[in-house]
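# Inside the fold
Single-letter residue listing:
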Amino acid sequence: MLVAVAQAVECDLVLTPARLSYINSAVSSEMTFMSDKRNTQTLKRYRIGEIPLLQAVSEQLGLKTLFHQYLPAHGNEKVPAAESLMLLIYNITSGRQPLYELRAWSASYDGRLFGWPCQIDETLFNDDRYGRALDKLYAVDRASLMTDLVLRLVQVSQLDLEQIHNDSTSVKTTGQMPGTTDEGLRFARGHSKDHRPDLKQIVFSLTLTSDGAVPIHFKTYSGNRTDDTTHIDTWCSVRSLAGKPDFLYVADCKVCTSRQLSYIVRHGGRVVTLLPQTWAEVGQFKDTLRDTTLTKRLLLRQPVPNTLGEKKESFYCFNGSYLTHKAGYTLHWIYTTEKRKRDRRQRDELLLRVERKLGELMGKLNTAKLKSPEQIRERVDKLLNKYHVIDFYHIVINPVQQSDTRQIGKGRPGKHTRYTTTLSTIYTLSWSRNRQALKREQRTDGVFPLLSTDASLSAKEALLAYKYQPRLEKRFQQLKSIHNVAPTLCKKVERVEAMMLLFFIALMIQSLIERSVRHSMRDNTIEAIPIYPEHRLAYHPTTAKIVDRFQEMSVSRLMQGNKLVNEFRDPLNDIQLSVLSLLGMGEADYWKSIK
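## With respect to the overall build of the protein chain
From N to C terminus, the protein chain includes 19 helices and 16 strands. Each of the three principal axes of the protein chain carries a C-alpha extent, and together these read 120 × 80 × 55 Å. Looking at the protein chain as a whole, 49% of its 595 residues qualify as buried. Of the accessible surface of the protein chain, which amounts to about 30200 Å², a share of 49% is contributed by carbon and sulfur atoms. Averaging the locations of the 85 positively and 64 negatively charged side chains of the protein chain gives two centres separated by 8 Å.

See the structure below:
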């Protein structure tokens, strides 16, 4: 094979007889190489990579057909907008590059993958072409496009929509990013989940199903939009997709407002969420727990993540019937052993931070506005209230008398020199931890309340439903680390809004690949596959690691002028063939576009 010869992508290698002397065995014995320029042979290498895997999923969804339906080609277009958008989706799914780098990225692949000549004209796919394709996507009915795509997804993949999860994250940008779209989307400063309050952002709301964490809905909001105002819109959209209202809607505590809960319940919906700490029921239960020992029952015990089963986490539910005061929703008070450890560790770290702040405050006593006990007490209370630890400390402000003796008059001191002594009061600060209050507070460690609007749902069922919520955080992590959604690299907010649809589709494709591989592993009783470097095992393989196995797959073409002399394909190894099999593909399916 000529795989070892062509190591560089996008590299034309002139093969003279001297350079080819060591690879004659890899080439047909009938092939000769001449030093005459007219007979010079050139070896060109084109990437295949992970594109066939992504295309297989796209074909199942009918994605290209859908794009052509909503963005029909114009007669004067060299490349239809639908084709440009498909390339953008493949790029995002593989690991996003900026628009200005997509020209070289596109040209590195074998054009036959996309229905083009083998060598793609690099000038066709410049950043302007991708930008204009985004403009056209923004102009169409993207909501209907997404609905048609998701309905096709549910039908083809047989997705279970009985349990739905929703959450949101912020997508930051750099620069001013002025303007507002027709839908009212604009970049603004708000609560930054990237911990960058200095940057403008938009809010990306994502909804997925518990069947493989596959996304089924998204929406973007202005950067200053709060999560407690978005759930009614999201729930109504999912109800239209599911064709029924009684699916279980799981979200964080921002859905827990009287208006949102009452709307969903009134229209036949069911909700599981965390009860916010600001609700009176939380304070009342914890006050009872601090003073009374309550019984609880074991719900489940399972391995702690990332410990290979060496540690177990136990989940308990406190006995008794608990309801919210207003609407009478069911409350399940859950206690977990791992959360208890986290709560105690976090409290210890918080107390150390507060004590460092108190130490810094000591150095400022008796100066400026800290000269009286009242001023000092006010500043200390403000600090302790800020960290919610005022009950955990005994604070003592001690007066100390100090005298200052000075000479009366000028000159060198002598036996007749007179002195004056001035007495003044300064203050010192000391503190100690309230051991009794801390011991009482430890009784509440590891406890959190789950609210369920469905009284027939058991505590264990509600807990298992909510424990799937971290899968959303994993999707957000993939969105920001693999797909590089932020910072946004478009200059127009309209293009950003169109681009977010492509990010949603990329998340959908990668989640379908994960779901297919993991379901096949389960059905074939395969515990793990060796897709990590050094053939280390992956028990829950992700799409990022799966496509990494195919990154270097290429085809090499030996050309004599414009005539193809021979073509050499990189062989698929056992791991790659195994992954293809788990995806329901064979070697012929991988190479079918290369004819």
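Having seen the model, we can carry on.
## Thoughts on the pairing of strand β11 (residues 330-336)
Both faces of the sheet carry side chains from a regular strand, because those side chains alternate between them. Extensive coverage of β11 is indicated by the burial of seven of its seven residues. Along β11, one buried face is formed by Thr330, His332, Ile334 and Thr336 and the opposite face, lined by Leu331, Trp333 and Tyr335, is buried too. Where strand β9 (residues 312-318) lies against β11, three bridges are found, and the strand directions are antiparallel. Directly across from cysteine 317, in β11, lies its bridge partner isoleucine 334. Bridge count between strand β10 (residues 322-323) and β11: two bridges; the pairing is antiparallel. In the sheet register, tyrosine 322 faces β11, and the bridge partner there is leucine 331. Counted along the chain from β10 to the antiparallel partner β11, the turn is six residues long, and its residue glycine 328 has a positive phi close to 75 degrees. Sheet topology note: the β11/strand β14 (residues 447-452) ladder contains six bridges and is antiparallel. When the bridges of β14 are listed, histidine 332 appears paired with leucine 450.

## Remarks on unusual backbone geometry
With a phi angle near 65 degrees, asparagine 366 is a residue other than glycine that sits in the positive phi range. For asparagine 366, the location among the structural elements is in the loop between α11 (337-362) and α12 (373-386). What makes asparagine 366 partly exposed here is its relative accessible area of 26%. Backbone geometry at glutamate 534 places phi at a positive 60 degrees, although glycine is not the residue there. Looking at the element boundaries, glutamate 534 is found in the loop between α16 (493-523) and α17 (543-548). Accessibility expressed as a relative area gives 73% for glutamate 534, which makes it exposed.

## Some remarks on the side chain of glutamate 441
The residue glutamate 441 is located in helix α13 (residues 435-442) in this model. Take glutamate 441: its relative accessible area is 16%, and that puts it in the buried class.

## As for the packing of aromatic side chains
Using the criterion set out here, one finds 15 aromatic pairs in the structure. For the ring pair tryptophan 105 and tyrosine 109, a centre distance of 5.1 Å and an interplane angle of 65 degrees mean the geometry is edge-to-face. In terms of burial, tryptophan 105 and tyrosine 109 fall into one category: buried. With a centroid separation of 5.0 Å and 25 degrees between ring planes, the pair formed by phenylalanine 218 and phenylalanine 504 is classed as stacked. Pair noted here: phenylalanine 218 is in strand β5 (residues 215-222) and phenylalanine 504 is in helix α16, with a separation of 286 residues, a long-range link. Neither residue differs from the other here; phenylalanine 218 and phenylalanine 504 are each classed as buried. Through pairs of rings, three or more aromatic residues link up here, namely Tyr90, Trp105, Tyr109 and Phe114. Its guanidinium or amino end placed over the ring of tyrosine 335, lysine 296 lies 4.9 Å from that ring's centre, counting from NZ or CZ.

## Considering the pattern of salt bridges
Applying the stated criterion across every chain, the model contains 30 salt bridges. With a shortest N-O distance of 2.9 Å, arginine 290 and glutamate 441 are connected by a salt bridge. Of this pair, arginine 290 sits in helix α10 (residues 280-291) while glutamate 441 sits in helix α13, placing them 151 residues apart in sequence. When its relative accessible area of 17% is taken as the criterion, arginine 290 is described as buried.

## A closer look at the nonpolar core
Grouped together as the largest cluster of nonpolar side chains are 127 residues, with contacts concentrated most on Phe67, Leu137 and Leu502. Of the residues forming this core, the biggest block, 18 residues, is contributed by α16. Contact partners of phenylalanine 67, with chain neighbours within four places excluded, come to Ala82, Leu85, Met86, Ile89, Leu137, Leu145, Leu502 and Ile505. By size, the runner-up hydrophobic cluster in this structure holds 21 residues, among which are Leu365, Val380, Leu384 and Tyr427.

## Things to note about the layout of surface pockets
A volume near 560 Å³ is recorded for the second largest pocket. Along the walls of the second largest pocket sit 27 residues, with Arg142, Ala143, Phe218, Lys219 and Glu497 positioned nearest its centre. Taken together, the elements giving at least two residues each to the lining of the second largest pocket come down to α6 (127-139), α7 (142-157), β5, α8 (231-242) and α16. Top element by residues in the lining of the second largest pocket is β5. It accounts for seven residues. Tallied by class, residues from the lining of the second largest pocket come to 12 nonpolar, seven polar and eight charged.

## Structural notes on the packing of helix α15 (residues 470-481) against α16
Between α15 and α16, the shortest axis-to-axis distance is 11 Å and the interhelical angle comes to 120 degrees. Looking at the two axes, α15 sits oblique to α16. In the packing of α15 onto α16, the handedness of the crossing is right-handed. Contacts between α15 and α16 involve Arg475, Gln478 and Leu479 on the former and, on the latter, Phe503, Leu507, Gln510, Ser511 and Glu514. In terms of residue class, the contact of α15 with α16 is made up of three nonpolar, three polar and two charged.

Definitions and limits used
Residues numbered from 1 in each chain as written. Predicted model: local features only at pLDDT ≥ 70, side-chain atom pairs only at ≥ 80, totals over all residues. Heavy atoms only, no water. Helix = DSSP H or I, 4+ residues; strand = E, 2+ residues; numbered from the N terminus. Buried < 20%, exposed > 50% of the residue type's maximum accessible area, 1.4 Å probe, protein only. Areas by Shrake-Rupley, 256 points an atom, 1.4 Å probe, with all protein chains shown as cover. Lys, Arg positive; Asp, Glu negative; His and termini not counted. Charge placed at Lys NZ, Arg CZ, Asp CG, Glu CD. Pairing = 2+ DSSP bridges. Phe/Tyr/Trp six-rings, centres within 6.5 Å; stacked < 30°, edge-to-face > 60°. Lys NZ or Arg CZ within 6 Å of the ring centre and 35° of its normal. Salt bridge = Lys/Arg side-chain N within 4 Å of Asp/Glu carboxyl O. Core = buried A, V, L, I, M, F, W, Y, C linked by side-chain atoms within 4.5 Å. Contact = heavy atoms within 4.5 Å. 1 Å grid on protein atoms, 1.4 Å probe; cavity = no way out; pocket = protein on both sides within 12 Å on 5 of 7 lines; lining within 4 Å. Points joined across faces, edges and corners; volume = space filled by probe spheres on them. Nonpolar A, V, L, I, M, F, W, Y, C, P; charged D, E, K, R; others polar. Axes fitted to C-alpha atoms, helices over the stretch in contact; angles between N-to-C directions. Parallel < 35°, antiparallel > 145°, perpendicular 65-115°, else oblique. Left-handed = near helix turned anticlockwise from the far one by under 90°.

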